[in-house]
Amino acid sequence: MAADFSFHHYRPRALEIIDTTLREGQQSSLLHDHYKYFFSTTDKQEITRSLILYGVKFIELFAPNVSPQEAEDWQAIKAVRDELITQKGYTFLLAHVRCHPADVEAAIRAGADGLNMYIGTSDASRNFNHGHGLEEVARRARTLIEDVRRHHPHLVLRFSGEDAFRTREADLFRVYDQVVECVDRLGTPDTVGVATPTTVAQRVQALRARYPKVALEGHFHDDRGFALINALEAVRAGMQYIQTTLLGIGERSGITSMTALLFNLFIDREYDRLEGYHLRGSYPINVMMADKLRKLVPSKEPVSLTNRTHAAGVHQKGMLNSSQTYEAHPLDQFGVTESEILLGPLSGWNIIHYFLKEICGFEIDEATAKAISAEFKNRIYNIAPGASPAGLLIHIAQEEFGLRSLQVPEQFRNAVAQNLTDASTKEIGEVRHASGVILRTRQ
Ligand code: HCA
Ligand code: CU
């Protein structure tokens, strides 16, 4: 199969995502938070399917000799990839391998389309990891890569000096000079998250100048919270391949989030780099990933419902007038098609009036809405754990103010211009708060 779809017949796009959710992502401590520890085979197949449908062409997996289960899962993942070839074209499955014959052989045996080879080049990884000097590192890498290239010319080969951002430029060049002729890409992983946008731009420029014919790949860890900005800077400086994971999960605080990167490129109008990605699938793919981690989409994730959720009374009133008041970005084009307004201690009478009138269908005037709001604000701080603010509000309106619902015929119930619904009726797989109401705005 791989020979028919050789990488050498593929024309890479301006930006190629190499998704490593199934490799780097599985190193995330988040899997341990809920006693999960690893992705099941079904999880891996669903993640693979979602990534391919989204438009990702390169998926990184562990070397199959990491564990018998990983070896078995290679075949399950390949089956999903093969099923989607007629619909989406070919997706390359890359094995993350040490510069070690055992890893390389296992990957080739499993039918990998390419090898993402790495070896530590920084003082730290040479002294404390593999113990080899720089010349020895370069010699080993070259011998192995030359051999692989000769015997498996169809494989797409990448070489990375692990911890590249703590490796002196001259040291990196000494190793890369040895292997550059045999590889398709050179990687520059920021293994411990020390890079800054400035050092990234410098590195990318230096590597491009020295190796103008070979594509560059980045992998940025988030220890300083720079994984996103560093990836953006790398792309701007001319890096064509970026490694990402869904929700940015990975070792320690993880790496660049796939949808966060594409979302930012869109905002910056870098449309040529977005060719072939199904951007509207961004929020659904984030929800799928969060679901596998038994979490909500994290609040710091740019493509999230959180970024369309409004809690303060002033914001809620502004949102009722126009969603532009507190939403600046085209999140609807990334699949977040609703806004959420949280009923709670900060809600003003405007939203409470709107909720009781438009959603609950009560006959209510503004003066009554103000009186109910005052009562609600007194009582909300003593609400029983797990009870919903919406429930409390309805209780006050019905039991204490004697409000009655207008009888709206079934077929007109959803016909209001801006349709707020109770969070429990949400269709998407992420339910944040029982107190949330959804403001459907742009679709
Ligand atoms: C690891 C390290 C790595 C490798 C990245 C790469 C890193 O977990 O094995 O091979 O490009 O951050 O350096 O993820
Ligand atoms: Cu990493």
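Residues numbered from 1 in each chain as written. Chains lettered and ligands numbered in written order. Predicted model: local features only at pLDDT ≥ 70, side-chain atom pairs only at ≥ 80, totals over all residues. Heavy atoms only, no water.

1. A closer look at the packing of helix 13 (residues 313–321) against helix 14 (residues 349–359)
- Across the interface, helix 13 lies against helix 14 with an axial gap of 8 Å and an inter-helix angle of 55 degrees. Viewed along their axes, helix 13 and helix 14 adopt a mutual orientation that is oblique. Side by side, helix 13 and helix 14 meet where Gln-316, Lys-317 and Leu-320 of the first sit next to Asn-350, Ile-351 and Tyr-354 of the second.
- By residue class, the composition of the contact of helix 13 with helix 14 is 3 nonpolar, 2 polar and 1 charged. (Axes fitted to C-alpha atoms, helices over the stretch in contact; angles between N-to-C directions. Helix = DSSP H or I, 4+ residues; strand = E, 2+ residues; numbered from the N terminus. Parallel < 35°, antiparallel > 145°, perpendicular 65-115°, else oblique. Contact = heavy atoms within 4.5 Å. Nonpolar A, V, L, I, M, F, W, Y, C, P; charged D, E, K, R; others polar.)

2. Describing the site of ligand 1
- What surrounds ligand 1 is the set Arg-23, Glu-24, Gln-27, His-96, Tyr-118, Arg-158, Ser-160, Glu-162, Pro-189, Thr-191, His-219 and His-221.
- One of the side-chain N or O atoms of His-96 is found 2.8 Å from an oxygen atom in ligand 1.
- Between ligand 1 and His-219 there is a distance of 3.0 Å, counted from an oxygen atom to a side-chain nitrogen or oxygen.
- Considering ligand 1 on its own, with 360 Å² of exposed area, one finds that the protein chains cover 91% of that surface. (Near = heavy atom within 4 Å. Polar contact = N/O pair within 3.5 Å; in protein donor to acceptor, adjacent residues only side chain to side chain. Areas by Shrake-Rupley, 256 points an atom, 1.4 Å probe, with all protein chains shown as cover.)

3. A few points about the confidence of the model for the protein
- For the protein, per-residue confidence averages 90 on the pLDDT scale, and residues scoring 70 or more make up 91% of the total.
- Segment residues 416–435 is flagged for pLDDT under 50; beyond a separation of four residues in sequence, or across chains, it makes 53 contacts in the model. (pLDDT = per-residue confidence, 0-100.)

4. Some details on the domain arrangement of the protein
- When its domains are assigned, the protein resolves into domain 1 (3–292) and domain 2 (305–440).
- Computed over C-alpha atoms only, the centres of domain 1 and domain 2 are separated by 44 Å.
- On the domain 2 side, the residues contacting the 10 residues of domain 1 number 12 residues.
- Taken together, the two surfaces of domain 1 and domain 2 that pack against each other cover about 1000 Å², and 71% of this comes from carbon and sulfur.
- Among the residues domain 1 hides against domain 2, the three largest losses belong to Phe-263, Arg-280 and Tyr-283. Together they make up 60% of the total.
- The tally of links from domain 1 across to domain 2 stands at 0 salt bridges.
- Along the contact surface separating domain 1 from domain 2 lie 2 residue pairs in polar contact (both at pLDDT 80 or more).
- Those elements giving two or more residues to the side of domain 1 that touches domain 2 turn out to be helix 11 (258–267) and helix 12 (282–292).
- Partitioned by chemical class, the residues of the side of domain 1 that touches domain 2 number 8 nonpolar, 1 polar and 1 charged. (Domains from an automatic or database assignment. Buried area = accessible area lost by both parts, 1.4 Å probe. Salt bridge = Lys/Arg side-chain N within 4 Å of Asp/Glu carboxyl O.)

5. A short note on the packing of aromatic side chains
- A full pass over the atoms with the stated rule returns 15 aromatic pairs.
- On the basis of an interplanar angle of 70 degrees and a centroid distance of 6.1 Å, the ring pair of Phe-7 and Phe-58 is categorised as edge-to-face. Of this pair, Phe-7 sits in the segment before strand 1 (16–19) while Phe-58 sits in strand 2 (residues 58–62); the two residues are 51 residues apart in sequence, bridging distant segments of the chain. Grouping residues by exposure puts Phe-7 and Phe-58 together as buried.
- On the basis of an interplanar angle of 65 degrees and a centroid distance of 5.6 Å, the ring pair of Tyr-10 and Phe-92 is categorised as edge-to-face. Residue Tyr-10 is found in the segment before strand 1, and its partner Phe-92 is found in strand 3 (residues 92–98); the two are separated by 82 residues along the sequence.
- Taken together through their ring pairs, the aromatic side chains of Phe-7, Tyr-10, Phe-58, Tyr-90, Phe-92 and Tyr-241 make up a single cluster.
- Positioned above the aromatic ring of Phe-165, the side-chain terminus of Arg-203 is 5.6 Å from the ring centre. (Phe/Tyr/Trp six-rings, centres within 6.5 Å; stacked < 30°, edge-to-face > 60°. Buried < 20%, exposed > 50% of the residue type's maximum accessible area, 1.4 Å probe, protein only. Lys NZ or Arg CZ within 6 Å of the ring centre and 35° of its normal.)

6. Things to note about helix 12
- For helix 12, the tally of buried residues reaches 9 of 11 residues, placing the bulk of the element in the interior.
- All of the buried residues along helix 12 are Ser-282, Tyr-283, Ile-285, Asn-286, Val-287, Met-288, Met-289, Ala-290 and Lys-292.
- At the exit of helix 12 stands Arg-294, carrying a positive phi of roughly 60 degrees.

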